[in-house]
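# Observations on the three-dimensional arrangement
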Amino acid sequence: MGIRSERRRSVWMLLLLLLGLATLICSAEGGCREAGKCCQGRDMNCTSQGWRMDRVYGTCFCDQTCRLTGDCCSDYSQACPARACVVGEWSHWSGCADPCTPAIRVRRRQVVQEPENGGDPCPSLEEKAGCLEYLTSQGTECAQSHVTAFITTFEYNKSRRRRALSPNWASQKEDPGYCVEFQVKSLSQFCLIESRPHARWMQYLREGYTVCVACQHPAMNNRNHRCYGDGRKANRLLHWKAVGNPQCQGTWKKVKEVESCSCPLVHSFIFT
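Okay, so let's go over this structure. Treat the numbers as computed from the prediction; the structure is a model and nothing was measured. (Residues numbered from 1 in each chain as written. Predicted model: local features only at pLDDT ≥ 70, side-chain atom pairs only at ≥ 80, totals over all residues. Heavy atoms only, no water.)

### Some remarks on the state of the cysteines
- Counted according to the given criterion, the structure contains ten disulfides.
- Each sulfur in the disulfide pair C32 and C62 lies 2.2 Å from the other. Here C32 and C62 share a disulfide; its torsion about the S-S bond, -105°, makes the bridge left-handed. Of this pair, C32 sits in helix 2 (residues 32-35) while C62 is found in the loop between strand 2 (57-61) and helix 3 (66-69), placing the two residues 30 residues apart along the sequence.
- Since its relative accessible area comes to 1%, C32 is described here as buried.
- Judged by relative accessible area, which is 0%, C62 ranks as buried. (Disulfide = S-S within 2.5 Å. Helix = DSSP H or I, 4+ residues; strand = E, 2+ residues; numbered from the N terminus. Buried < 20%, exposed > 50% of the residue type's maximum accessible area, 1.4 Å probe, protein only.)

Quick look at the structure:
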């Protein structure tokens, strides 16, 4: 019976000790909430007295850096909850910066809520994409004079052909066009790492591959019904650029000209 009594006494003493410790913790002054502090960045003056997250009593911090240094007040997470950046919806795409010239269009979004207490930072607030318009601000057809071949995905042709039949165009008689096959000789690394949805077609450009590029009515010069950059006058290395990413560019050599393109869709492009 003596041993059992001694054990009960030890258990009661331990419980009393824990209860006293809990009371001490609850009654201890300090903490971010009581101090009314939640500071941005690193602030050596943003302190309080109380229990820290590492279970040490003393000076504790209520600034964002305390999460990294491990010396936050025990109530930091409750008193200073992290709030991620919140942004609004994208605006509509702007028009081309310069009609009749390969340019960029832009869309933007605004910050609705700035990040607080170590919350996720704001994402990009601006996006740019390539564009090339064939109508001036007065609605007249552009007179293209580019030597470099500007290309984009063949999928773009669907909407462009509809625009070509609009009353704004000088002629409603559509030229059937032609196709040029090129062998890609070089390209920049920016084509291969492009991952934006509207520009993923650039990933299919590869050195040594043969690609088809269609020349169709909207991109033709009205005087000679040819597309600039098609290599008709020279048997030499020619330059091309991808509309949508000015850093995606390279060289190719003309293989032949045919009436219609027969390359796989991923290797079919159009002059813009």
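### Notes on the nonpolar core
- Residues F182, L205, V211, V213, W240, W252 and F271 are the most contacted members of the largest nonpolar core, which totals 25 residues.
- Of all elements in the fold, only strand 7 (149-153), strand 8 (178-187), strand 9 (210-215), strand 10 (238-242) and strand 12 (268-271) reach the threshold of two or more residues within this core.
- Core analysis: the next-biggest nonpolar cluster, separate from the first, contains eleven residues, C39, C60, C62 and C73 among them. (Core = buried A, V, L, I, M, F, W, Y, C linked by side-chain atoms within 4.5 Å.)

### Some remarks on the sheet that holds strand 9
- Sheet architecture is closed into a barrel: six strands sit in the order 7-10-11-8-9-12, paired in mixed fashion. On average, adjacent strands in this sheet sit at an angle of 45° to one another, irrespective of strand direction.
- Inspection of the sheet shows strand 8 paired to strand 9 by six bridges, in the antiparallel sense. Bridging from a neighbouring strand, E181 pairs with C212 of strand 9. (Pairing = 2+ DSSP bridges. Axes fitted to C-alpha atoms, helices over the stretch in contact; angles between N-to-C directions.)

Functional significance is not addressed by these values, which are geometric in nature.
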